[in-house]
Amino acid sequence: MPASKSVFVTGATGFVGSHLTFRLLEQGHRVHALARGSKSSARERVHEVLHEVSGSDGSLGALLSRLEVMEGDISQPGLGLSDDVYGKTVSLTDEVWHCAASLSFAEDDREEIFRTNVGSTKNILQFVARTPSRRLQHVSTAYVAGNRPDVAMESDIDVGQSFKNPYEESKCRSELLVADAHRRGIARASVHRPSIVIGDSKTGRVTHFHGVYAFIRGLWSSLERIRRRSATREVIHLPLRVLGSKSGTLNFVPIDYVIDGMLHIASDDSSVGHTYHLSNPQPTPNMLWLPHICRVLGVEGIDLVESSQFAEHPITKMEMLFQKQMSFYYQYLQGEPQFDCRHALEALMGTAIRCPSVTIPFIEKMTGWYVDYLNRRQ
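Residues numbered from 1 in each chain as written. Predicted model: local features only at pLDDT ≥ 70, side-chain atom pairs only at ≥ 80, totals over all residues. Heavy atoms only, no water.

### Re the sheet that holds strand S3 (residues 67-71)
Step number 1: The strand order across the open sheet built from seven strands is S3-S2-S1-S4-S5-S7-S12, with neighbouring strands paired in parallel fashion. The open sheet has two edge strands, S3 and strand S12 (275-278), and neither has a second partner. Neighbouring strand axes in the sheet, compared pairwise and without regard to direction, differ in orientation by 20° on average.
Step number 2: Across four bridges, the pairing between strand S1 (residues 6-10) and strand S4 (residues 95-98) is parallel. Within S4, the position partnered with Thr10 by the bridge is His98.
Step number 3: Relative to the sheet, helix H6 (residues 166-183) contacts strand S5 (135-139) and strand S7 (188-194), its axis offset from that of S7 by approximately 155°.
Step number 4: Along the sheet, helix H8 (residues 255-266) makes contact with S4, S5, S7 and S12, crossing S12 at roughly 160°. (Pairing = 2+ DSSP bridges. Helix = DSSP H or I, 4+ residues; strand = E, 2+ residues; numbered from the N terminus. Axes fitted to C-alpha atoms, helices over the stretch in contact; angles between N-to-C directions. Contact = heavy atoms within 4.5 Å.)

Okay, structure coming up:
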C-alpha cells in the first residue's frame, strides 16, 4: 500500500478518470475531484459514476469519507473555483492527475475541443506550478501519433504528423504545453498515453460506452429494428460494407491494465519527465475482432472493404446511413500506427501487471456483456 497522499483529479466522471479515482480511494489516498454540475450537482455526478465503477454500495461507502468533490470548470481561469478554495486546495495537493478532456472529434467542434483540452491544460499547469511538489500525471492518448504510417515512439510528440481529427491534434498540443512546463521547472510531469480503452479484462464489464462500444451499439440498433419488423431472433444476413482495412489493427487495452499500469509507473520518481504508451504490445487485427463481434450480435454479411468497392458498386442507403453514424470510427478502421511501448513495459517489469492479449474469448466476453446491458435497457 503506497503512502497516503492528497491527490487532485480532473475528469473523475470520465471512463479512465472514474476508475483512477476509485482506485486512488481504495489505496487510501485523499482525493479532491473537480467536476462540473449540470442537471445534477458535481457531487451527485461523481458519486453516481463511482457507484457504477464499484459495482456495489458496500465497496464504495467506506471510501467516500476520503473524497471531496469540488464544483468547478477546468476550462475557466482558476478552474472556476473561488480564490480561497483554489488557494487552499493548491496548498494541500501532493499530486495532480489531469484526466479531463473533451471527447468530441467533429471538425465543427474544433473551437470547443481546443478550448477544453488545450485551455484546460494551461489552467492545470498554473495550478500545478503553485503546489508544493509540482507533480503532474498527465493522461493523454497514444493517438497523438495521428496519421503516422510507421512506429510511434513514446518520446515523440510533434514530428510533423497530420491528424485524423481535432481531438488528436488538441491532445498533441496539450502534451507540448506539458513538455514545455516540465523543461521550465513549472511541473514535474509524467505523461500516460492509453490507446483504445475497453472493459475489464476479467469480466468484460465497462462503465462508459465510447469507441468500439458505439460501433457495437450502431450495429445492435440496426439489428433490433430488423428483428422487430421480422419478429425473429435468428441470425440476420445483413449485406453491409464497412469502409476499412482488412489488414489493419485496433489497439485495445483493458481498463484494469491501464489503471494498474499508470499507478505503478506514477509511484516511481524515475518516471518524472517521461512518457509511457499504455498500449497493447499485440494490437488486435480487424479481421479478428469484427467477425466475432458480429457472431455475438447474431449477424452475418458485414465485410470490411476498400473505398474502391464503393466506386465499383454504389453505396446503398443502409450503408450510407451507417457510414454517417459511424463517421468518426471509420477513420480508425483505415489503419493506425504501431505504438512502441518499451518504456512502459520496462517500468512494469518485475510486477504482475501485464497487458492481456485480446483473444477471441475476451472479444466475445466483452461484446456479450455489452449486448446484455443494451438488452436490459430496452
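### Considering the environment of Lys122
Step number 1: Along the chain, Lys122 falls in helix H5 (residues 110-130).
Step number 2: Separated by 56 residues in sequence, Lys122 and Val178 have C-alpha atoms that sit 8.5 Å apart.

### Some thoughts on the nonpolar core
Step number 1: The biggest cluster of nonpolar side chains holds 88 residues, and the ones touching the most others in it are Trp97, Phe215, Val242, Trp289 and Leu297.
Step number 2: Looking at this core, the element that brings in the most residues is helix H7 (residues 212-230), giving nine residues.
Step number 3: The residues touching Leu297, leaving out its near neighbours within four places in the chain, are Ile216, Leu219, Trp220, Leu223, Arg227 and Val371.
Step number 4: Counting 20 residues, the second largest nonpolar core, distinct from the first, contains Leu79, Val90, Ala100 and Val178. (Core = buried A, V, L, I, M, F, W, Y, C linked by side-chain atoms within 4.5 Å. Buried < 20%, exposed > 50% of the residue type's maximum accessible area, 1.4 Å probe, protein only.)

### Digging into H7
Step number 1: Between the first and last C-alpha of H7 there are 27 Å, a value that for 19 residues agrees with the 27 Å anticipated at 1.5 Å per step.
Step number 2: Trailing H7 by a residue or two, Ala231 shows a phi angle of about 55°, which is positive. (Expected span 1.5 Å × (residues − 1).)

### Notes on the packing of aromatic side chains
Step number 1: Counted according to the given criterion, the structure contains 14 aromatic pairs.
Step number 2: Pairing Tyr86 with Phe127 gives two aromatic rings, centres 5.4 Å apart and planes at 90°, and the pair type is edge-to-face. Taken together, the positions of Tyr86 in helix H4 (residues 83-92) and Phe127 in helix H5 put the pair 41 residues apart, joining distant regions of the chain. For the pair shown, Tyr86 and Phe127 are each scored as buried.
Step number 3: Ring plane angle 80° and centroid distance 5.0 Å describe the contact between Tyr143 and Phe339, whose orientation is recorded as edge-to-face. Note that Tyr143 is positioned in the loop between S5 and strand S6 (151-152) and Phe339 in strand S15 (residues 338-339), a separation of 196 residues in sequence. Per residue, the accessibility class of Tyr143 equals that of Phe339, and both read buried.
Step number 4: Through pairs of rings, three or more aromatic residues link up here, namely Phe209, Tyr213, Trp369, Tyr370 and Tyr373. (Phe/Tyr/Trp six-rings, centres within 6.5 Å; stacked < 30°, edge-to-face > 60°.)

### A closer look at unusual backbone geometry
Step number 1: The phi dihedral of Leu79 falls on the positive side, at around 60°, and the residue is not glycine.
Step number 2: Looking at the element boundaries, Leu79 is found in the loop between S3 and H4.
Step number 3: Residue Leu79 is classed as buried on the basis of its relative accessible area, which comes to 0%.

### Looking at the packing of helix H1 (residues 15-26) against H8
Step number 1: Two elements in contact, H1 and H8, have axes whose closest approach is 10 Å; the angle formed by their N-to-C orientations is 60°. For the element pair H1 / H8, the angle class is oblique. For the crossing formed where H1 meets H8, the hand is right-handed. Across the interface between the two elements, Phe15, Val16, His19, Leu20, Arg23 and Leu24 from H1 touch Ile255, Ile259, Asp260, Met262 and Leu263 from H8.
Step number 2: Of the residues assigned to the contact of H1 with H8, the class counts are eight nonpolar, one polar and two charged. (Parallel < 35°, antiparallel > 145°, perpendicular 65-115°, else oblique. Left-handed = near helix turned anticlockwise from the far one by under 90°. Nonpolar A, V, L, I, M, F, W, Y, C, P; charged D, E, K, R; others polar.)

### So, the environment of Thr121
Step number 1: Tracing the backbone through its elements, the reader meets Thr121 in helix H5.
Step number 2: Note on Thr121: relative accessible area 2%, which makes it buried.
Step number 3: A sequence separation of 23 residues divides Thr121 from His98, and the C-alpha atoms of the two residues are 8.0 Å apart.
Step number 4: In this view, Thr121 contacts His98, His138, Ser174, Leu177 and Val178; residues no more than four positions away in its chain are not counted.

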